[in-house]
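# Examination of the molecular architecture
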Amino acid sequence: MKLGKRWLPAHILVWTYAVLLVIPLYYFLASAFKTNDEIFAHPFAPPGSLGLHNFETAFDSADLGLAVVNSALVTVFSLALTLLLAIPAAFALARSTGRVSGVIEKVFSLGFLIPTFAALFPTFLLAAATGLFHTRTFMVLFLPATALPLSVVILVQFMRTIPAEMEEAARLDGASTFAVLRHVYTPMCLPGIATVLLLNFLTFWNEYLYSLVIIGPDPAQRTVQVALPTLKSITGTDYGVLTAGTVLTLIPVWVVYTILQKRMQQALVSGAVKM
């Protein structure tokens, strides 16, 4: 009983926080099925019907189908390139013990200090100089560069926890450096890789500023985050349609999180145990 009373304030705070999260989420989802009049007259009332009119209007007006495909292409190829660069880099840094590797690791860490908007103008000039301005290709090449600092730092910490005896045993069996990376380090770092994938997926999918400047508003190439604001002007600020469009763009995020959440939880638990 004494222990239960001690935990009572914590339970109250947790449930209060849960309610604060659920209420906006409910308002957000309910608004997707309402008209403007219903949203302003009865904001927290349940929707009168679960018709899909708002979703159909949002999908057709902003051409969200093509925008989702564009975002998926940019995100998937950017994630693949990020892992292709980050895993070998983290592997090399984790196995090195010299001063040079320490300096390189600190250089990667300095990437956190560069504000996103600070690189906008140089990036614009680079896109124009390479002839890739207003193309999705440049975003596929650019986004991994922004994600490498965090990705490498996370993966290095995971790879350093792998016992050196694992690599020595693989070497005795005749494994090459690439084989050690592929068959020893990569499988044992799957929770860390899942964490990197999830964090970078959220960043790439929700990226707006650079997508607007580099790719532009062209309906054939624009990403979903650039397409969504057009609903405000096309539909005359119909908040039900705007909310419905936002819900449609969040479905891929929910699917990816559902798939990777177990791996990410493993990464958090393993990190807590090691601490």
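Residues numbered from 1 in each chain as written. Predicted model: local features only at pLDDT ≥ 70, side-chain atom pairs only at ≥ 80, totals over all residues. Heavy atoms only, no water.

Moving on to the nonpolar core. Soluble globular proteins: nonpolar side chains tend toward being buried together. In this structure, L64, M139, L143 and L231 are the most contacted members of the largest nonpolar core, which totals 24 residues. Breaking this core down by element, the ones donating at least two residues are α4 (64-95), α7 (136-159), α10 (190-205), α11 (209-215), α12 (224-227) and α14 (239-274). With five residues, the single largest contributor to this core is α7. Of all hydrophobic cores here, the second largest spans 23 residues; its members include F91, V152, F158 and I162. (Core = buried A, V, L, I, M, F, W, Y, C linked by side-chain atoms within 4.5 Å. Buried < 20%, exposed > 50% of the residue type's maximum accessible area, 1.4 Å probe, protein only. Helix = DSSP H or I, 4+ residues; strand = E, 2+ residues; numbered from the N terminus.)

So, about the packing of helix α8 (residues 164-172) against helix α9 (residues 177-188). It is the contact of α8 with α9, at a shortest axis distance of 10 Å, that shows an interaxial angle of 140°. With respect to each other, α8 and α9 are oriented oblique. For the pair α8 and α9, the sense of crossing is right-handed. Mapping the contact onto sequence places M166, E167, A170 and R171 in α8 and T177, V180, V184, Y185 and M188 in α9. (Axes fitted to C-alpha atoms, helices over the stretch in contact; angles between N-to-C directions. Parallel < 35°, antiparallel > 145°, perpendicular 65-115°, else oblique. Left-handed = near helix turned anticlockwise from the far one by under 90°. Contact = heavy atoms within 4.5 Å.)

On to the pattern of salt bridges. Enumeration over the complete set of coordinates arrives at three salt bridges. E167 is paired through a salt bridge with R95; the nearest N and O atoms lie 2.9 Å apart. Highlighted residues: E167 in helix α8 and R95 in helix α4, separated in sequence by 72 residues. The exposure class of E167 is buried, given its relative accessible area of 13%. Given the relative accessible area of 34%, R95 is considered partly exposed. For R160, the salt bridge is made with E105, and the minimal N-O distance between the two is 2.7 Å. Placement of the pair is R160 in the loop between α7 and α8 and E105 in helix α5 (residues 99-109), with a sequence separation of 55 residues. Judged by its relative accessible area of 40%, R160 is partly exposed. Under the relative-accessibility criterion, E105 is labelled buried at 15%. Taken together, the salt bridges that share partners define one network made up of R95, E167 and R171. (Salt bridge = Lys/Arg side-chain N within 4 Å of Asp/Glu carboxyl O.)

Let us now look at the packing of aromatic side chains. Two numbers describe a pair of aromatic rings. These are the distance of the centres and the angle of the planes. Here the structure, examined in full by the defined rule, presents nine aromatic pairs. Both rings, one in F121 and one in F124, keep their centres 6.5 Å apart while their planes meet at 25°; by these two values the pair is stacked. You can see F121 and its partner F124 sitting in helix α6 (residues 120-129), three residues apart, about one turn around the helix. Here the aromatic rings of F124 and F133 are separated by 5.1 Å at their centres, their planes lie at 90°, and the arrangement is edge-to-face. The class of F124 is partly exposed, set by a relative accessible area of 29%. The exposure class assigned to F133 is partly exposed, which follows from its relative accessible area of 28%. (Phe/Tyr/Trp six-rings, centres within 6.5 Å; stacked < 30°, edge-to-face > 60°.)

Assignment of secondary structure puts P149 in helix α7. Considering only alpha carbons, one finds P149 and F112, 37 residues apart in sequence, at a separation of 6.9 Å. If we skip the residues at most four places from it in the chain, P149 touches F108, G111 and F112.

A few words now on the confidence of the model for the protein chain. Taken over all residues, the pLDDT of the protein chain has a mean of 86, while the share at 70 or more is 92%. Within the protein chain, no element has a lower average pLDDT than helix α13 (residues 230-234), which sits at 71, and none a higher one than α4, at 93. Confidence drops under a pLDDT of 50 for residues 271-275, and excluding neighbours within four residues, the segment shows one contact in the predicted structure. (pLDDT = per-residue confidence, 0-100.)

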